[in-house]
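Topology and contacts: notes
As a plain string of letters, each chain reads:
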Amino acid sequence: MSNIRIRPATEADLDRITEIYADAVTLGTASYELQPPGRAEMGTRFDSLMAGGFPYLVAEKDGAVLGYAYAGAFRPRPAYRFIVEDSVYVAPEAKGQGVGLKLMQSLIEAVQAAGFRQIIAVIGDGRPDSASVRLHEKLGFRHSGRLEGSGYKHGRWLDTVFMQLSLNGGASAPPDPESLPERKFREGLRGN
């Protein structure tokens, strides 16, 4: 695992990102999408996150992308601007090798550096023994809610688990006026 490198994702990574996500959608329960989006849709999603200034990372080993993680807006309403939702997906052949942990550690650092206050994990099929729940617990996320039977996929009902991690003082201090979310908000006000 020591030669796994975490770096910002580029458009050149999108074919591999699309493949990794297609596997997760088709065979897994972490995503509630039922049909994997194509490369064009994944490009649109990537462009939207990049335009928002959100971090989007890949894990690479020997030139091969093994997984990816990104943070995006938790909800579109402006009062939520200090909260992001994380997503992390690892290629089937790389699972269990610490790729998700390295991606999430780097993602948390990037989100914190941008000045966000909370990271929310919305985990599909959030069983206590799921890899995603265990990963988020290991990183200090706390359980903050469960929606029982909120998704139906692969012939069964799935619970959605919410977990969150406070950063930069969380809700204990006023927002930093120089943080990315606050600067973007002010730019939006000037543009209206």
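Look above for the structure.
Presented here is an overview of the structure given in this document.

Conventions used here
Residues numbered from 1 in each chain as written. Predicted model: local features only at pLDDT ≥ 70, side-chain atom pairs only at ≥ 80, totals over all residues. Heavy atoms only, no water. Core = buried A, V, L, I, M, F, W, Y, C linked by side-chain atoms within 4.5 Å. Buried < 20%, exposed > 50% of the residue type's maximum accessible area, 1.4 Å probe, protein only. Helix = DSSP H or I, 4+ residues; strand = E, 2+ residues; numbered from the N terminus. Contact = heavy atoms within 4.5 Å. Pairing = 2+ DSSP bridges. Axes fitted to C-alpha atoms, helices over the stretch in contact; angles between N-to-C directions. Salt bridge = Lys/Arg side-chain N within 4 Å of Asp/Glu carboxyl O. Arc of directions from axis to C-beta.

**Regarding the nonpolar core**
Ile17, Tyr68, Val99, Met104, Ile108, Val111 and Phe141 are the most contacted members of the largest nonpolar core, which has 47 residues in total. At seven residues, helix 3 (residues 99–114) tops the list of elements feeding residues into this core. Not counting chain neighbours up to four residues away, the residues in contact with Ile108 comprise Ile119, Leu139, Phe141, Leu165 and Leu167.

**So, unusual backbone geometry**
Positive phi, normally seen in glycine, also occurs at Asp62, with a value near 50°. Mapped onto the fold, Asp62 is located in the loop between strand 2 (56–61) and strand 3 (64–73). Take Asp62: its relative accessible area is 71%, and that puts it in the exposed class. A positive phi angle, near 50°, is found at Asp125, a position not held by glycine. Mapped onto the elements of the fold, Asp125 is located in the loop between strand 5 (118–124) and helix 4 (131–138).

**Observations concerning the environment of Gly67**
Checked against the element boundaries, Gly67 lands in strand 3. Separated by 75 residues in the primary sequence, Gly67 and Arg142 have C-alpha atoms spaced 24 Å apart. Other than its neighbours up to four places away in sequence, Gly67 contacts Ile20, Leu57, Val58, Ala59, Tyr89, Val90, Ala91, Val99 and Leu103.

**Notes on the environment of Leu147**
Here Leu147 shows up in strand 6 (residues 142–153). Separated by 11 residues in the primary sequence, Leu147 and Leu158 place their C-alpha atoms 8.8 Å from one another. Setting aside residues no more than four positions away along its own chain, Leu147 makes contact with Leu158, Asp159, Thr160 and Phe162.

**So, the sheet that holds strand 3**
Strands in a sheet are paired, the pairing made by backbone hydrogen bonds, and the direction either parallel or antiparallel. Taken together, the seven strands give an open sheet; going across it, the order is 1-2-3-4-5-7-6, and neighbouring strands pair in mixed fashion. Looking at strand neighbours, the two that pair on one side only are strand 1 (5–8) and strand 6, the edges of this open sheet. Geometrically, the sheet is characterised by an average inter-axis angle of 25° between neighbouring strands, direction not taken into account. Each of strand 2, strand 3, strand 4 (83–90) and strand 6 is contacted by helix 1 (residues 14–27), which is oriented at about 80° to strand 3, the strand it contacts most.

**Let's talk about the pattern of salt bridges**
Where side chains of opposite charge bring their charged atoms close, a pairing between them can arise. This model, assessed by the stated rule, comprises 13 salt bridges. Across the pair Glu19 and Arg16 runs a salt bridge, and its minimum N-O distance is 3.1 Å. With a gap of three residues between them, Glu19 and Arg16 both fall in helix 1, about one helical turn apart. Residues joined by salt bridges that share partners form a network here, namely Arg5, Arg7, Asp13 and Glu60.

**A closer look at helix 4**
Inspection of helix 4 places Val133, Leu135 and His136 among the buried residues, and these make up the whole buried set. In a view along the axis of helix 4, the buried residues occupy a sector of 165°, so they form one face of it. Exposed residues on helix 4 whose side chains face more than 90 degrees from its buried face are Ala131 and Lys138. Buried residues in helix 4 make contact with strand 4, helix 3, strand 5, strand 6 and strand 7 (156–166). Looking at the residues trailing helix 4, positive phi occurs at Gly140, about 95°.

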